[in-house]
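Secondary and tertiary structure notes
As a plain string of letters, each chain reads:
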Amino acid sequence: MTDPLILVLDEGTTSTRAMLFTQEGELRGTAQRELTQHYPQPGWVEHDAAEIWDNTFACAREMVALAGGAERIAAIGITNQRETVVAWDRATGEPLARAIVWQDRRTADFCDELRYAGYEDAVRDATGLLLDPYFSATKMRWLLDQEPAVAMAASAGRLAFGTIESWLVFKLTEGAAHLTDAGNASRTLLLPLTGATWDQELCDLFGVPQAALPQVVDNAGEFGSTSLFGAPIPITGLAGDQQAATIGQGCLAPGETKATYGTGAFVLANKGRAVPRSRHRLLGTVLYQLEGERCYALEGSVFVAGSLIQWLRDSLQMIVRADETEALARSVEDNAGVVVVPALSGLGAPHWRADARGAITGLSFSATRAHLVRAALEAISHQTQDLAAAFAADGAEWTELRIDGGMSANDWLAQDIADLTALPVVRPDFVETTALGAAMLAAVGAELHGSLEQA
Ligand code: ADP
């Protein structure tokens, strides 16, 4: 018998990937497809859930072929962009509307209403989160209010809501399983940090029917199997991308902290069994749940990081490729006074201003493209420093920062973060930590390894 392989399905914000790992964590292959971004109005971001599924299926099929057949694959691990909401019809398995993406700000007014009505403290104490459009519950409510097909399915008892891992498990199991892992569930505003399942009062506050929600499960275990690739393959690991990256970075002991620089930037510090209670506008979140026991994390979520570089490339056409930013930043001595405030989709932690918008200041005739690009990278370091201060104020001071994500390939940025935070910044040789974390969970769920530490 040859070594069992693990198939990871990584559904990111900008692309879908399927990756094949050995039990020892060696990468055997990758298939990738870009995902269409829909921006129907300023502040709105949507994905087509059918496209997400088609891309996932196509990438997975490529990896199954590379493995030499489904029988060679012992387990599937899924990791996903978090908070994004899909509404689908349980009977047909078809999406009822476009998925509302985590970056989407359309529910800012609803969040303000709830904040002015005095609900923020109670919501924060229960869920570890704040009243911000980032989280799933207000997106679900918007779909019920604004999409007739969603409201009709709800009255007919056929509505299923879920985040992306939930949608993929439903499709992979051909409708047999409707579930979500506790980590993903902890990003909805509907799961108390210390509660095993959805809270009725929170569901009532946001107007989300519990009947439409998935079952909350562990991050590793037997979640069903898929027969779409020839032979059945069990699905045994689930985790949101940031939780998976934290595990993949080996931040398994309390205090260990990682920062992922992708579309946004997300810092998570392992808090162990201690329920995180931030007083400086960080988030408390479930890092993972195994056999019903939770490990928590303190999180700082920054909405704009790599997307700022993408915007310089695609909207301003100031660069052709993201990696040009490194040489450009190095080519000048300083930022010549140029400062970029990267609030293109509001500000996340620790400011939480959905209404904030970006700014470029300090322009003079001596400012060049290189200065602007350098200032854009510096904006990422400044956001990191803001988080460092908030974590320290919450008693979770960083001693080193383990970085990953597409943007962490930029050596100039990594050094700038180290200079500004005055901390060692460590980048692993293998930067695909999100996929690795999902593979570790899948290996534990399939009992290929006895624990995350062993994995
Ligand atoms: P996600 O998983 O959120 O889709 P990735 O981790 O794949 O994102 O990172 C891609 C992001 O990183 C893009 O927004 C891109 O602009 C940025 N990026 C990639 N390489 C570099 C680089 N060398 N310097 C700066 N930014 C980069």
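Our subject in this report is the structure included herewith.

Rules used in this analysis
- Within each chain, residues carry numbers counting from 1 in the order of the written sequence.
- Thresholds applied to this predicted model are a pLDDT of at least 70 for local features of residues and 80 or more for the giving and counting of side-chain atom pairs; totals over whole chains, interfaces and linings are not thresholded and use all residues.
- Side-chain figures throughout are based on the complete set of non-hydrogen atoms in the structure, without hydrogens or water.
- In this text, helices come from DSSP runs of H or I with a minimum length of four residues, and strands from runs of E with a minimum of two, each type numbered from the N-terminal end.
- For a compact globule the rule gives 2.2 Å times the number of residues to the power 0.38, and the radius of gyration it is set against comes from C-alpha atoms.
- For every residue, the accessible area (1.4 Å probe, protein chains only) is compared with the maximum for its type, and the residue is labelled buried under 20%, exposed over 50%, or partly exposed between those bounds.
- Residues count as neighbours in contact if any of their non-hydrogen atoms are within 4.5 Å of one another.
- Values of accessible area rely on a 1.4 Å probe in the Shrake-Rupley scheme; residue burial ignores everything except the protein chains shown.
- Planes of paired rings set the category: under 30 degrees apart is stacked, over 60 is edge-to-face and the rest tilted, where pairs are Phe, Tyr or Trp rings (Trp by its six-membered ring) whose centres lie within 6.5 Å.
- Criterion for a charge above a ring: Arg CZ or Lys NZ at most 6 Å from the ring centre, at most 35 degrees from the ring normal.
- Criterion used throughout: strands pair if DSSP finds at least two bridges between them.
- Note on definitions. A residue lies near a molecule or strand when any single heavy atom of the residue is within 4 Å of it.
- Residues adjacent in sequence count toward polar contacts only when both atoms are side-chain atoms; beyond that, a polar contact is any pair of N or O atoms within 3.5 Å, and within protein one must be able to donate a hydrogen and the other to accept it.
- Residue classes follow a fixed rule: Ala, Val, Leu, Ile, Met, Phe, Trp, Tyr, Cys and Pro count as nonpolar, while Asp, Glu, Lys and Arg count as charged, and any other residue, Gly among them, counts as polar.
- In these notes, a set of buried Ala, Val, Leu, Ile, Met, Phe, Trp, Tyr and Cys residues joined through side-chain atoms within 4.5 Å is what counts as a nonpolar core.

Points about the overall build of the protein chain
When you go through the protein chain residue by residue, the secondary structure sums to 14 helices and 20 strands. A globule of 455 residues ought to have a C-alpha radius of gyration of about 23 Å, and the protein chain, at 21 Å, matches this closely. C-alpha atoms of the protein chain, sized along the principal axes, occupy 65 × 55 × 40 Å. Across the 455 residues of the protein chain, 62% fall into the buried class. For the protein chain, contacts bridging at least 24 residues in sequence account for 69% of all contacts bridging at least 6. Of the accessible surface of the protein chain, which amounts to about 17,100 Å², a share of 49% is contributed by carbon and sulfur atoms.

Notes on helix α9 (residues 241-248)
Every α-helix winds through 3.6 residues per turn, so residues three or four apart in the chain are directed the same way. Within α9, 8 of the 8 residues are buried, which leaves it mostly tucked inside the rest of the structure. Within the span of α9, buried status applies to D241, Q242, Q243, A244, A245, T246, I247 and G248.

So, the packing of aromatic side chains
All told, the structure shown has 15 aromatic pairs when counted by the stated rule. Measuring from centroid to centroid gives 5.7 Å for W102 and F266, while their planes differ by 70 degrees, and the two rings are edge-to-face. Of this pair, W102 sits in the loop between β7 (99-100) and α2 (108-116) while F266 sits in strand β14 (residues 265-272), placing them 164 residues apart in sequence. Since its relative accessible area comes to 3%, W102 is described here as buried. Grouped by ring-pair contacts, the aromatic residues W102, Y134, F135, F266, F303 and W352 constitute a single cluster. The cationic tip of R82 hangs over the ring face of F266; the distance from NZ or CZ to the ring centre is 5.3 Å. Taking the ring centre of W142 as reference, the NZ or CZ of R106 above it sits at 4.4 Å.

Considerations on the sheet that holds strand β13 (residues 257-261)
Strand order in the open sheet formed by 6 strands is β15-β16-β14-β13-β19-β20, with mixed pairing between adjacent strands. The strands lining the two open edges of the sheet, one partner per strand, are β15 (283-290) and β20 (425-426). When strand β19 (residues 401-404) meets β20, the two strands line up parallel, connected through 2 bridges. Paired with L401 across the two strands is V425, which belongs to β20.

Comments concerning the site of the ligand
In the vicinity of the ligand, 14 residues are found, and the nearest of them are T14, T263, G306, G406 and N410. A distance of 2.6 Å is found between an oxygen atom of the ligand and a side-chain nitrogen or oxygen belonging to T263. Between T325 and the ligand, the recorded distance is 3.4 Å, taken from a side-chain N or O atom to a nitrogen atom. Across the complex, the protein chains shield 77% of the 580 Å² of accessible surface that the ligand would expose by itself. Residue contributions to the shell around the ligand peak at 4 residues, all from helix α10 (residues 306-314). Here the residues of the shell around the ligand are counted per class, giving 3 nonpolar, 10 polar and 1 charged.

Some words on the nonpolar core
In this structure, F161, L190 and F206 are the most contacted members of the largest nonpolar core, which totals 117 residues. Considering each element in turn, this core owes the most residues, 12 residues, to helix α12 (residues 369-393). In this structure F206 touches F110, L114, V123, L131, A137, T138, R141, L189 and L190, once residues within four positions along its chain are discounted. In this structure, A70, I73, L168 and F223 belong to the second largest nonpolar core, which totals 38 residues.

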